Amino acid sequence: MQGRKDLMPFVGGFPRPDWDAIDETVKAQSESELDRLWTHWARTWVDATASALGREYQVTESDNFIVLSAQDDRYTNLLSRFLERALRKILRMLDGIAKDDGFGKNVVLIFDEQEPYYRYMSYFFPDEGEFILSSGVFLNSDYGHFAFPFLEMSAAEATSAHEMTHACLRHLPIPLWLNEGFAVTMEDEICAYQPLQMDSERFSKHANFWNADTIQEFWSGFSFNRTDEGSDLSYELARFCLRSLAHDYGVFVRFANSATFEDGGESAAIDAFGGSLGGLIHQFFGDGEWSPRPTEWSSHGAT
């Protein structure tokens, strides 16, 4: 099957596939062929992206990944093997929660410089606004895929583990704090990082930052996109929250599969754990108005 050029228009210097039309093309085929056909279209798209970037960009495939990179074979092969190991570990450790199905192979785009990376990324973000710098991202749009600028291997592995966790959770409508809590925790586990400890100095930063207003930014997801220290503190708090909730894994699985972004996971927490998420924050910072209040989130720019 040849990739139809009319389904692969160029916008901003890159091929931007018409995934809705491709979806109709794929669905018209036998269900047993879906994975192969999606992989065909993914490969066609990545090959076109390599041609658009030019120079020494090459496409490498493994069992579950298609990787675009301008790096040498050693780098690409090492990363491909890591991606396969990381995927297996995420699916094993998050059994009953994470999935890797629905399309063909996972696509990873590695740009050799920041400029083409941000030029590629601009398609997915508004023309105006203030955004935090990114070392990599899982773009959960149409054919979800990973994109990041060139990173040294250890940083590339950490970024890949983090973003792959997001990819394996894309089927769940979970709140952002839970999604990021999973991602930073799996990054720790896969890359053998020591779990972050909240020492007295770091605890003071958290205690001074979180209050009745800022905790609503956390539950709604807005605080993760702040351009001040609130972003880092949000990721840390998400890590602590997830580890606290996951002690009874069976109950936690039920919570994770029913939590939704609309209320920050509050109703799922009450159902699974028998109490509000506010109690989770109370154990860290004491008395306060900590429970999610979704009716206030329009003022926080909920995500």
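For the structure itself, consult the block above.
Per chain, the residues get numbers from 1 upward, laid out in the order the sequence is written. Given that the model is predicted, a residue must reach a pLDDT of at least 70 before its local features are reported, and side-chain atom pairs must reach 80 or more before they are shown or counted; all residues, however, enter totals for whole chains, interfaces and linings. The basis for the side-chain values is all heavy atoms of the structure; hydrogens and waters are excluded.

1. Looking at the packing of helix H3 (residues 73-93) against helix H5 (residues 153-168)
Here is step 1 of the chain: Here an angle of 0 to 180 degrees is reported between the N-to-C directions of two axes, which are lines fitted to C-alpha atoms, with helices fitted over the stretch in contact. Secondary structure is summarised from DSSP: a helix means a run of H or I of at least four residues, a strand means a run of E of at least two, and numbering begins at the N terminus for each. At a minimum axis distance of 10 Å, the contact between H3 and H5 shows a crossing angle of 40°. Here H3 is positioned oblique relative to H5, judged by the angle of their axes. The hand of the H3/H5 crossing is right-handed. Listed contacts from H5 to Tyr75, Leu78, Leu79, Phe82, Leu83, Ala86, Leu87, Ile90 and Leu91 of H3 are Met153, Ala156, Glu157, Ser160, Ala161, Met164, Thr165 and Cys168.
Here is step 2 of the chain: Considering only residue class, the contact of H3 with H5 consists of 14 nonpolar, two polar and one charged. The cut-offs work like this: below 35 degrees is roughly parallel, past 145 is roughly antiparallel, 65 to 115 is roughly perpendicular, and the gaps in between are oblique. Crossing handedness is read from the near helix: turned anticlockwise from the far helix by less than a right angle, it gives a left-handed crossing, and turned clockwise, a right-handed one. Working rule for contacts: check all heavy atoms of both residues, and any pair within 4.5 Å makes them a contact. Each residue is assigned to one of three groups, with Ala, Val, Leu, Ile, Met, Phe, Trp, Tyr, Cys and Pro labelled nonpolar, Asp, Glu, Lys and Arg labelled charged, and all others, Gly among them, labelled polar.

2. A word on unusual backbone geometry
Here is step 1 of the chain: One non-glycine residue, Asp142, adopts positive backbone phi at about 55°.
Here is step 2 of the chain: Examined against the element boundaries, Asp142 turns out to sit in the loop between strand E6 (137-139) and strand E7 (145-149).
Here is step 3 of the chain: Take Asp142: its relative accessible area is 43%, and that puts it in the partly exposed class.
Here is step 4 of the chain: Located in the positive-phi region is Ala192, a residue other than glycine, with phi close to 60°. A 1.4 Å probe rolled over the protein chains alone gives each residue an accessible area, and that area as a share of the maximum for its type sets the label: buried under 20%, exposed over 50%, partly exposed in between.

3. What to know about the side chain of His162
Here is step 1 of the chain: Considering the arrangement of structural elements, one finds His162 in helix H5.
Here is step 2 of the chain: The class for His162 is buried, based on a relative accessible area of 10%.
Here is step 3 of the chain: Among the polar contacts made by the side chain of His162, one reaches the side chain of Glu180 at a distance of 3.0 Å.
Here is step 4 of the chain: Those residues within four positions of His162 in sequence are excluded, and the remaining contacts are Glu180, Ala183, Val184, Glu187 and Tyr235. Polar contacts, as used here, are pairs of N or O atoms within 3.5 Å; protein pairs need one atom able to donate a hydrogen and one able to accept it. Residues neighboring in sequence count only if both atoms are side-chain atoms.

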